[in-house]
Amino acid sequence: MKITILGAGAWGTALAIPLARKHDVILWGRNAEAMQQASQQRENQLYLPGFPLPAELAVSADFEAAVGHVCADPGDSLLIAASSVSGLRDLAGHLKAYPIPNLVWLCKGLEEGTRLLPHQIVQQVLGAELPAGALSGPSFAQEVARGLPCALTIAGADATLCERVVAAVHGNNIRIYSSDDLVGVEIGGAVKNILAIATGVADGLQLGLNARAALITRGLAEITRLGVALGGRPETFMGLSGVGDLILTCTGDLSRNRRVGLGLAKNKKLDDIVAELGHVAEGVRCAKAVRELAQEKGIDMPITDAVAAALFEGVTVQEMVSRLLSRDPREETV
């Protein structure tokens, strides 16, 4: 199968490594100098240092050639967008000039300003007829690149596309499940990043494992409430892209969003935390959008609201915790 991955960040590069061992794969990145260096040295030193690139993997900064790679054989090809949510609209706009056969995205979050999910952005730019879907689930790039076991979900309305993704990605210690609940899968992937910031704060303040468990559990209730209100199915949030991704991002030390919370607990400024990360932390970008969407839909999301207040309104993390603990008691329901 011919596969093009558009975006040579950590996750795009990590996924390209196992796929290149059994498919004809091109990894595209916009930084021509970095791509030339990666091609010559067989390592993406900028975004995923320490992981050798297979000899079979082509690395390029030629957008037309990379997209043409999959357009040349639409019956046996797959186009994967590995941009951030903030870059998805621009990337999709560049794809309008090509007869792309399909599109799968890896990003998780909501677009700032519009509060749109990735599939809504793609539909706005490329139309609803394009076979498209989200590949999501609990997945740290470094572990995938190392070849450690991982399970993901491909979500989309087009069954043929889902079958193609399963055929392409399944194997090499990666297990792929399929779902037609695109909204549910995308909401799970977006909101869990905000909750990881909250658990990072709690761990940074040494509030204990009991507090972490409570945040994860009640955070899952927030994800489910919003997801169902937007058309997702409740059972989706008990799967890989729901509770699975939530647990990983809230507890794993490789989580960038968790590290944002740890930084806040040390009273670091948000700009300094993000600069130290050197990578995108989607929870920061979509916290405000999720809170606004929840308010618009009348959905109670106290943890999300507290995180947004700490990120954007100058509320201290101590006050953030106090707000959550001082809420009135209630029945435990979703």
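Since we're looking at a predicted model, the values are computed, not measured. (Residues numbered from 1 in each chain as written. Predicted model: local features only at pLDDT ≥ 70, side-chain atom pairs only at ≥ 80, totals over all residues. Heavy atoms only, no water.)

**Thoughts on the overall build of the protein chain**
Consideration 1: Helix and strand counts for the protein chain come out as 15 helices and 10 strands.
Consideration 2: Its C-alpha atoms give the protein chain a radius of gyration of 20 Å, within 12% of the compact-globule value 20 Å for 334 residues.
Consideration 3: Seen through its C-alpha atoms, the protein chain measures out along the principal axes to roughly 60 × 40 × 35 Å.
Consideration 4: The contacts in the protein chain between residues at least 6 apart in sequence include a share of 71% that link residues at least 24 apart.
Consideration 5: For the protein chain, the separation between the mean place of its 30 positive charges and that of its 36 negative charges on side chains is 3 Å. (Helix = DSSP H or I, 4+ residues; strand = E, 2+ residues; numbered from the N terminus. Rg over C-alpha atoms; globule rule 2.2 N^0.38 Å. Contact = heavy atoms within 4.5 Å. Lys, Arg positive; Asp, Glu negative; His and termini not counted. Charge placed at Lys NZ, Arg CZ, Asp CG, Glu CD.)

**Observations regarding the UniProt feature "binding site: NAD(+)" (unreviewed entry) in the protein chain**
Consideration 1: UniProt's entry tags G7, A8, G9, A10, W11, G12, A141 and R256 with the feature "binding site: NAD(+)" (unreviewed entry), counted in the numbering of this structure.
Consideration 2: Counting through the fold element by element, G9 comes out in the loop between β1 (2-6) and α1 (10-19).
Consideration 3: You can call G9 partly exposed: its relative accessible area is 22%.
Consideration 4: What G9 contacts, discounting residues up to four positions off in sequence, is N44 and Y47.
Consideration 5: As for its position among the elements, R256 is in helix α11 (residues 256-265).
Consideration 6: With relative accessibility at 31%, the residue R256 sits in the partly exposed group. (UniProt positions renumbered as here; feature names shortened; annotations may be inferred. Buried < 20%, exposed > 50% of the residue type's maximum accessible area, 1.4 Å probe, protein only.)

**A look at the pairing of β1**
Consideration 1: Burial analysis of β1 places four of its five residues in the buried class, which makes it a mostly covered element.
Consideration 2: As paired strands, β1 and strand β2 (residues 24-28) are joined by five bridges and run parallel to one another. From the neighbouring strand, T4 faces β2, where its bridge partner is I26.
Consideration 3: Assessed by its sense of winding, the connection that carries the chain from β1 through α1 to β2 is right-handed. (Pairing = 2+ DSSP bridges. Right-handed = clockwise from strand over helix to strand, strands pointing away.)

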